[in-house]
Amino acid sequence: GNRRTVLAAAARKHGASVTVIEAADRLCSRAAPLALSDYLHDLHTRHGVGLHLKAAVTEIRAGQGAPLAVSLANGPDLTADAVVVGIGAVAEDGLARTAGLDGADGILTDAAGRTEDPAVFACGDVARYPHPAWDGAVIRLESWANARDQATACAHALLGLPEPPVEPPWFWSDQYGVNIQIVGRPPDTLGDAPPLRRAGGAPDRFSLFWLKGDHLTAAIAVNQPMDIKIAKRLIAAAMPVDTAVLADPGANLRTLLRRPG
């Protein structure tokens, strides 16, 4: 989902007319909470991207007057000079399975990249391991930061050094000059409590925070990179936070990093 919106933004930046066809009922539904999907919808609409949600492509064929025609099951035919089909990624774990290692869309490891064979390690997008942000569920985490952090953990394990703590997941995207960062695991169901919002003085400057009790679990920042840096430290250290400070755009979030006493 994020790759489609990034591609759409890049194409618009270069002057192309862009239409996004999305099978889900909102943008980036698998990776983003509703609040971020709504913001991305507004951002792309403001930049002239046509959006077709809950849409299914039935056919792509040579068109008349344009190279390609795209038929939708529940919408008008569209014409295009180029069509990019985003179908996601499947882990290339065939070699590992041939070698007798467990795998199912990824190579099963622990947080340090150890497989069931003590001589074999795996890390990055291909590794599937229990992650504390998902309550220990075994997942594949496709992100640059995860690949970096897992590589560090693998190196520590290979050298017999203590394993570094598992870092909170961190993702980012740049679209239309807007920097979007996510740390932690925002809720992925619509029934979860809405986030606490910290205004930034402009439509494209704000932060969203999710808490469990008085502990931060996730944050999203739009053009507010310092908020993410502080949120990452608060989540990693499991430090209690003052929600009044989080919500106050005039407050210095660094004060939340000072332990009482």
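Above this text is the structure in question.
As the structure is a prediction and not an experimental result, all values here were calculated from the model. (Residues numbered from 1 in each chain as written. Predicted model: local features only at pLDDT ≥ 70, side-chain atom pairs only at ≥ 80, totals over all residues. Heavy atoms only, no water.)

Participant: Would you take a moment to explain the overall build of the chain for this structure?
Facilitator: In terms of regular secondary structure, the chain is built from 6 helices and 13 strands. Projecting the C-alpha coordinates of the chain onto the three principal axes gives extents of approximately 70 × 55 × 35 Å. Accessible surface for the chain amounts to roughly 14400 Å². Of this, 56% is attributable to carbon and sulfur atoms. Charge centroids of the chain, computed over 25 positive and 28 negative side chains, lie 6 Å from each other. (Helix = DSSP H or I, 4+ residues; strand = E, 2+ residues; numbered from the N terminus. Areas by Shrake-Rupley, 256 points an atom, 1.4 Å probe, with all protein chains shown as cover. Lys, Arg positive; Asp, Glu negative; His and termini not counted. Charge placed at Lys NZ, Arg CZ, Asp CG, Glu CD.)

Participant: Help me understand the pattern of salt bridges, please; the structure alone is not making it clear to me.
Facilitator: Considering all chains together, one arrives at 14 salt bridges under this definition. With a closest N to O distance of 3.4 Å, Asp105 and Arg140 form a salt bridge. With Asp105 in the loop between helix 3 (94-98) and strand 6 (107-108) and Arg140 in strand 8 (residues 138-140), the pair connects residues that are 35 residues apart, well separated along the chain. On the accessibility criterion, Asp105 (32% relative accessible area) is partly exposed. Exposure remark for Arg140: the relative accessible area of 15% places this residue in the buried category. One salt bridge in this structure joins Arg114 and Asp110, with 2.9 Å as the shortest N-O distance. You can call Arg114 partly exposed: its relative accessible area is 31%. (Salt bridge = Lys/Arg side-chain N within 4 Å of Asp/Glu carboxyl O. Buried < 20%, exposed > 50% of the residue type's maximum accessible area, 1.4 Å probe, protein only.)

Participant: Just to check I follow, could you spell out the sheet that holds strand 6 for this structure?
Facilitator: Within a sheet, each strand pairs with its neighbour through backbone hydrogen bonds, oriented either parallel or antiparallel. Strand order in the open sheet formed by 3 strands is 6-7-8, and the pairing between neighbours is mixed. Because the sheet does not close on itself, it has two edges, and the strands there are strand 6 and strand 8. With 2 bridges connecting them, strand 6 and strand 7 (residues 127-130) associate as parallel partners. Directly across from Ile107, in strand 7, lies its bridge partner Ala127. (Pairing = 2+ DSSP bridges.)

Participant: I'm lost on the packing of aromatic side chains in this one. Help?
Facilitator: Think of a pair of aromatic rings as described by two things: how far the centres are apart, and how the planes are tilted against each other in angle. The final tally for this structure, using the stated rule, is 3 aromatic pairs. Consider the rings of Tyr39 and Phe206, whose centres lie 5.2 Å apart with planes at 75°: the pair is edge-to-face. With Tyr39 in helix 2 (residues 34-46) and Phe206 in strand 12 (residues 205-212), this pair connects stretches of sequence that are 167 residues apart. Of the two residues, Tyr39 and Phe206, neither departs from the other in class, the shared state being buried. Their ring planes at 35° and their centres at 5.1 Å tell us that Trp170 and Trp172 sit as a pair that is tilted. You can call Trp172 partly exposed: its relative accessible area is 38%. A cation sits over an aromatic face here: Arg197 above Phe206, 4.2 Å from the ring centre. (Phe/Tyr/Trp six-rings, centres within 6.5 Å; stacked < 30°, edge-to-face > 60°. Lys NZ or Arg CZ within 6 Å of the ring centre and 35° of its normal.)

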